[in-house]
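Each chain, written out:
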Amino acid sequence: MEKEHKEFYERLEQKGFSRRDFMRYCTFLTATMGLSSSFVPKVAEVFAAPTQRPTVIWLNFGECTGCTEAALRTVYPSIDELILEILDFAYHETIMAAAGDQAEEQLKHAVEKNKGKFICVVEGAIATKFNGAYGKIGGRTFLEIAKEVCPQAAAVICIGACSSFGGVQAAAPNPGGYKSVSQALGIKTVNIPGCPPNPVNFVGTIVNYLLLGKLPALDDLGRPLFAYGKTIHDQCPRRSHFENEEFVLEFCSEEAALGYCLYKMGCRGPETYNNCPIAKFNDGTSWPVEAGAPCIGCSEPDFWDKFTPFFEEL
Ligand code: FSX
Ligand code: SF4
Ligand code: F3S
């Protein structure tokens, strides 16, 4: 165990993170997961001395790879890369060395070898019209690949708005008949929506699974309650301005500089469930409303259709 710890901290240092940065991250992660601070050492152990590293098969369908970028590269090197310490990636198009036929072989082999045990992470929506012709990899449709891989997994985790709810591909007029994974396959999935989602909510879901042996509690849209249990509006630091009817009516105005409420600039915080005000992005740097942009509701189903035109009060 001691040796493992030492090697872990050495690897961390090579990436530019001190033991202290790591403990800070574990404290933040534990709080985000809604666990008491007594869990911090246990959460640290999950990374520093993993007793299991579940196999992950990560599928990319109709999407922009923003979810992968958010999870692995926001600030390079990112502390979110710690996910690589606790998961064994058997297939991930962006980070694996194999390409072409070799990659396809790798996928087939990984599914066969880990049947019923692997975690399937899906990024992107699935085209369903015209036999799925709107999205193919290696000559096979997204739908074919998903049908072959997802039902064999121990759990299917949808990362991002696209796999969770369809995302921009499924926005009207949706010529390809794009659907979320659960709609396209008729299965239950754990959904981590956002465009892109906050990596900490993905990492929290995985750590919950490794630490407590189960997936976190979900809302009726499949979203972990620890992250999506409250609206943006209920956690927003600008909320008192909303109550006082102090609104920004124009970007770059005096009211904007004063940090007034963005409701009249189209903020969908009241309709949107997510933990952005608390978790923030890029290692806690900021989040849309803090940066002066209204929330566009990126973690809600059909937000492209439901919440556009953006930047206008509905
Ligand atoms: Fe979708 Fe992921 Fe939006 Fe992009 O890949 S959630 S388009 S930010 O990033 O799937
Ligand atoms: Fe609510 Fe948005 Fe105003 Fe914040 S900025 S208080 S989320 S309406
Ligand atoms: Fe998305 Fe709104 Fe958060 S736009 S990133 S849910 S503040």
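Note that the coordinates shown come from a computational prediction; the quantities given were computed from them, not determined experimentally.

Caption draft 1: View of unusual backbone geometry. With an omega of 0 degrees, the peptide bond between Cys195 and Pro196 qualifies as cis. Considering the arrangement of structural elements, one finds Pro196 in the loop between strand 9 (190–192) and helix 10 (199–212). Omega for the bond connecting Thr308 with Pro309 falls within 30 degrees of zero, at -5 degrees, which places this linkage in the cis form. Phi is positive for Asn131, which is not a glycine, with a value near 55 degrees. Assignment of secondary structure puts Asn131 in the loop between strand 4 (126–127) and strand 5 (136–137). For Asn131, a relative accessible area of 71% puts it in the exposed group. Of note in the backbone geometry, Asn174 takes a positive phi value of approximately 45 degrees without being a glycine. Position of Asn174 among the secondary structure elements: in the loop between helix 8 (161–165) and strand 8 (178–179). Relative accessible area serves as the criterion here: at 13%, Asn174 is assigned to the buried category.

Caption draft 2: Looking closely at the nonpolar core. Residues Phe22, Leu29, Phe47, Ile86, Ile206 and Val207 are the most contacted members of the largest nonpolar core, which totals 42 residues. Discounting chain neighbours no more than four positions away, the residues touching Ile86 are Val46, Phe47, Gln52, Arg53, Pro54, Ile206, Val207 and Leu210. Of all hydrophobic cores here, the second largest spans 33 residues; its members include Ile57, Tyr91, Cys158 and Leu185.

Caption draft 3: Structural view of the packing of aromatic side chains. Applying the stated criterion across every chain, the model contains 18 aromatic pairs. Ring centres of Phe303 and Trp304 lie 4.8 Å apart, and the angle between their planes is 35 degrees; on these two criteria the pair is classed as tilted. With relative accessibility at 25%, the residue Trp304 sits in the partly exposed group. Among the aromatic residues, those joined into a cluster by ring pairs are Phe8, Tyr9, Phe22, Tyr25, Phe28 and Phe47. Positioned over the ring face of Tyr9 is Arg19, at 3.8 Å from the centre of the ring. Here the guanidinium or amino end of Lys42 rests over the ring plane of Phe39, the centre of that ring lying 4.9 Å away.

Caption draft 4: Representation of the sheet that holds strand 3 (residues 119–123). As summarised here, the arrangement of the five strands in space is 2-1-3-7-9, forming an open sheet in which the pairing is parallel. On the outer flanks of this sheet lie strand 2 (88–92) and strand 9, each paired with one strand and no other. Here the average twist between neighbouring strands, direction ignored, is 20 degrees. By the bridge criterion, five bridges tie strand 3 to strand 7 (residues 155–159) in an arrangement that is parallel. By the bridge assignment, Val122 is partnered in strand 7 with Cys158. Relative to strand 2, helix 6 (residues 100–113) is tilted by about 135 degrees, and along the sheet it contacts strand 1 (55–60) and strand 2.

Caption draft 5: Summary view of the site of ligand 1. Around ligand 1, the surrounding shell consists of Glu63, Cys64, Thr65, Gly66, Cys67, Glu123, Gly160, Ala161, Cys162, Gly194, Cys195 and Pro196. In the model, an oxygen atom of ligand 1 is placed 2.9 Å from a nitrogen or oxygen of the Cys67 main chain. For the shell around ligand 1, a count of residues per class yields six nonpolar, four polar and two charged.

Caption draft 6: Representation of the site of ligand 2 within the structure. For ligand 2, the set of nearby residues contains 13 residues, the closest of which are His233, Cys236, Cys261, Leu262 and Cys267. Of the residues that constitute the shell around ligand 2, the class distribution is nine nonpolar, two polar and two charged.

Caption draft 7: Representation of the domain arrangement of the protein within the structure. Per the domain assignment, the segments making up the protein are domain 1 (51–226) and domain 2 (230–306). Of the roughly 1400 Å² buried between domain 1 and domain 2, counting both surfaces, carbon and sulfur atoms make up 54%. Taken as a group, Phe165, Asn198 and Arg223 account for 30% of the area that domain 1 buries against domain 2, more than any other trio of residues on that side. Applying the counting rule to domain 1 against domain 2 returns one salt bridge. Among the salt bridges present, the one from Glu300 reaches Arg223, with a minimum N-O distance of 2.9 Å. Counting across the domain 1 and domain 2 interface gives five residue pairs in polar contact (both at pLDDT 80 or more). Looking at the side of domain 1 that touches domain 2 residue by residue, the class counts come to 14 nonpolar, six polar and two charged.

The rules behind these values
Residues numbered from 1 in each chain as written. Chains lettered and ligands numbered in written order. Predicted model: local features only at pLDDT ≥ 70, side-chain atom pairs only at ≥ 80, totals over all residues. Heavy atoms only, no water. Helix = DSSP H or I, 4+ residues; strand = E, 2+ residues; numbered from the N terminus. Buried < 20%, exposed > 50% of the residue type's maximum accessible area, 1.4 Å probe, protein only. Core = buried A, V, L, I, M, F, W, Y, C linked by side-chain atoms within 4.5 Å. Contact = heavy atoms within 4.5 Å. Phe/Tyr/Trp six-rings, centres within 6.5 Å; stacked < 30°, edge-to-face > 60°. Lys NZ or Arg CZ within 6 Å of the ring centre and 35° of its normal. Pairing = 2+ DSSP bridges. Axes fitted to C-alpha atoms, helices over the stretch in contact; angles between N-to-C directions. Near = heavy atom within 4 Å. Polar contact = N/O pair within 3.5 Å; in protein donor to acceptor, adjacent residues only side chain to side chain. Nonpolar A, V, L, I, M, F, W, Y, C, P; charged D, E, K, R; others polar. Domains from an automatic or database assignment. Buried area = accessible area lost by both parts, 1.4 Å probe. Salt bridge = Lys/Arg side-chain N within 4 Å of Asp/Glu carboxyl O.

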